[in-house]
Amino acid sequence: MSFLAESLQRIKPSATIAVSDKARALKAAGRDVIGLGAGEPDFDTPDNIKEAAIRAIKAGKTKYTAVDGIPELKAAVAAKFKRENHLDYKTDEISVGTGGKQVLFNALMATLNPGDEVVIPAPYWVSYPEIVALAGATPVTITTTLASGFKISPQALERAITPKTKWVIINSPSNPSGAAFSRAELKALTEVIARHEHVWVLTDDMYEHLTYDGFVFTTPVEIEPALKARTLTLNGVSKAYAMTGWRIGYGAGPAILIKAMAKLQSQSTTNPSSISQWAAVEALNGPQDFIPKNAEVFRQRRDLVVSMLNQADGISCPRPEGAFYVFPSCAGTIGRTTAKGTKLANDEDFVTALLEEEGVAVVHGSAFGLSPFFRISYATSTEALEEACARIQRFCAGLR
Ligand SMILES: Cc1ncc(COP(=O)(O)O)c(C=O)c1O
């Protein structure tokens, strides 16, 4: 019998973190590696936010705080929801955690029992099914296709919902596909969920500010106000404000859920870093003008990557609406043999050979529940992206 908990055997370590670790290790060993695995902006945190953190340290704001967020941050979050999403949330309907990931973890852990089902469209962010499994519940995936732009249909959603469904997870723009639902597409989905009164919505809006070509972002409660009583709207400062290391995420939902999440957090990490919370207050209340500027840089990189990947033999890459990922198909490379003699049986073989032979680190689609695909994060310099895509083209040209 293992000393380790059985619950731990139900989950896998994060594949995206594993790829980043591997790329870092190869680089440290002197290899020329371009890492396109990490899901974080390469931009620096804006100075006004850093200065707010320094002020907080100097002012001695370095003690324990309220478990799920200082009142000033909850007020800034409420103002953000009002300003950007036209939603009204009170302080007891807002929870702040150590990253969006902890808020998600709290919500699922606080609500799931063995036997419960959580509907998750695939490809999905790696943490959704793993946290559901850790809670002893069952992830129910809805597989999408490249042809549908990696978007689920209302019919498929209807079929996936059972009396055991507790949550439906919506993530738009999506990690890993970058796909984002238009208002009409989201409305069709919220109509299905509205009919099933026992089903709650967990909408992960982490990439809200990273959309392109005039795309208009909407969130389920904005479209279907009746769902407010059973929706957790998750967001955070990590991606939009280039603050991944600060570890601040937040969610808004019914007070009963928020209270249960705080109870769980009070017995695990207590409050998120007091200093990071003050930085997040400045992020949300301070100037927002750099966000569209960063988004424009991301759009140019997306267009570069999509165009170069579509020139690689065996690769087909759609042009997503948002986030900083593309999710190309490598179906045309499967069954072929690399220049160095490795047979590619699946997308994991593809990414392993690409890293070993060309020094480009990407993440296999199977980690996100859909094969044969791979994910590229284009949140890195244009020069690095050009070089990485040229190497992918060379790798593909060498296939027999
Ligand atoms: C879809 C999605 N949700 C949530 C998160 C969590 O973000 P945080 O760094 O705030 O925990 C990520 C981070 O990669 C993400 O991609």
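Structure: above.
As the structure is a computational prediction, the values presented were derived from the model and not from experiment. (Residues numbered from 1 in each chain as written. Predicted model: local features only at pLDDT ≥ 70, side-chain atom pairs only at ≥ 80, totals over all residues. Heavy atoms only, no water.)

J.: Looking at this structure, how should I read empty space enclosed by the protein?
T.: Overall, the coordinates contain three cavities of 30 Å³ or more when judged by the stated rule. When its volume is computed, the largest cavity comes out at roughly 170 Å³. When residues of the lining of the largest cavity are traced back to their parent elements, those giving at least two are strand S3 (117-122) and strand S5 (165-171). In terms of residue count, S3 provides more of the lining of the largest cavity than any other element does, three residues in total. Partitioned by chemical class, the residues of the lining of the largest cavity number 12 nonpolar, three polar and one charged. Here the second largest cavity defines a volume of roughly 40 Å³. Lining the second largest cavity are Pro 41, Phe 43, Leu 210, Lys 239, Ala 240, Tyr 241, Ala 242, Ile 291, Asn 294 and Phe 298. For the lining of the second largest cavity, a count of residues per class yields eight nonpolar, one polar and one charged. (1 Å grid on protein atoms, 1.4 Å probe; cavity = no way out; pocket = protein on both sides within 12 Å on 5 of 7 lines; lining within 4 Å. Points joined across faces, edges and corners; volume = space filled by probe spheres on them. Helix = DSSP H or I, 4+ residues; strand = E, 2+ residues; numbered from the N terminus. Nonpolar A, V, L, I, M, F, W, Y, C, P; charged D, E, K, R; others polar.)

J.: Would you mind showing me how to read the nonpolar core here?
T.: Note on soluble globular proteins: their nonpolar side chains tend to be buried together. One finds Leu 309, Phe 350 and Ile 376 to be the most contacted residues of the largest nonpolar core, which totals 40 residues. Going through the elements one at a time, helix H12 (290-309), strand S9 (325-326), helix H13 (347-358), strand S12 (374-377) and helix H14 (382-397) are the ones with two or more residues in this core. Discounting residues that sit within four places of it in the chain, Leu 309 has contacts with Ile 315, Cys 317, Val 326, Pro 328, Ile 376, Cys 389 and Ile 392. Counting residues in each nonpolar core, the second largest holds 38 residues, with Ala 137, Ala 179, Leu 232 and Ala 361 among its members. (Core = buried A, V, L, I, M, F, W, Y, C linked by side-chain atoms within 4.5 Å. Buried < 20%, exposed > 50% of the residue type's maximum accessible area, 1.4 Å probe, protein only. Contact = heavy atoms within 4.5 Å.)

J.: What's the story with the layout of surface pockets in this structure? I'm lost.
T.: Take a probe with the size of a water molecule and roll it over the atoms, and the empty space left behind shows itself. The space that makes up the largest pocket amounts to roughly 990 Å³. Around the largest pocket, the lining is made up of 42 residues, and of these Ile 17, Ala 38, Gly 39, Glu 40 and Lys 239 lie nearest the centre. Contributions of two or more residues to the lining of the largest pocket are made by helix H2 (15-28), helix H5 (100-111), helix H6 (127-134) and S12. Examining the composition of the lining of the largest pocket, we find that seven residues originate from one element, H2, more than from any other.

J.: I would appreciate a short explanation of the packing of aromatic side chains in the present structure.
T.: Each aromatic ring pair is characterised by the separation of its centres together with the angle its planes make. Enumeration according to the criterion identifies 17 aromatic pairs in this entry. Aromatic side chains Trp 167 and Trp 200 sit 5.6 Å apart centroid to centroid with 70° between the ring planes, which places their arrangement in the edge-to-face category. Placement of Trp 167 in strand S5 and of Trp 200 in strand S6 (residues 200-204) is noted, with a sequence separation of 33 residues between them. Trp 200 sits in the partly exposed class, given a relative accessible area of 22%. For the ring pair Phe 350 and Phe 374, a centre distance of 4.9 Å and an interplane angle of 35° mean the geometry is tilted. (Phe/Tyr/Trp six-rings, centres within 6.5 Å; stacked < 30°, edge-to-face > 60°.)

J.: Can you help me understand the pairing of strand S4 (residues 138-143) in this one?
T.: Pairing analysis gives six bridges linking S3 to S4, with the strands arranged parallel. Looking at the pairing, Pro 121 lines up with Ile 142 of S4. Taking the sense of rotation as the criterion, the β-α-β connection linking S3, H6 and S4 turns out right-handed. (Pairing = 2+ DSSP bridges. Right-handed = clockwise from strand over helix to strand, strands pointing away.)

J.: Which parts of the structure should I look at to understand the sheet that holds S9?
T.: Hydrogen bonds between backbone groups are what pair the strands of a sheet, and the pairing can be parallel or antiparallel. Read across the open sheet, the three strands follow the order S9-S12-S11; overall the sheet is antiparallel. If you trace the sheet from one side to the other, it starts and ends with S9 and strand S11 (363-364), each paired once. Across two bridges, the pairing between S11 and S12 is antiparallel. Bridge pairing in S12 links Val 363 to Arg 375.

J.: Would you explain the packing of H5 against H6 in this entry?
T.: A packed helix pair is summarised by two numbers, namely the angle formed by the two axes and the spacing between the axes. Here H5 crosses H6 at 35°, and the two axes come no closer than 9 Å. In this structure, H5 meets H6 at a crossing whose hand is right-handed. Across the interface between the two elements, Lys 101, Leu 104, Phe 105, Leu 108 and Met 109 of H5 pack against Ser 127, Tyr 128, Ile 131, Val 132 and Leu 134 of H6. Of the residues belonging to the contact of H5 with H6, the class tally is eight nonpolar, one polar and one charged. (Axes fitted to C-alpha atoms, helices over the stretch in contact; angles between N-to-C directions. Left-handed = near helix turned anticlockwise from the far one by under 90°.)

By themselves, these figures tell us nothing about what the structure is for.
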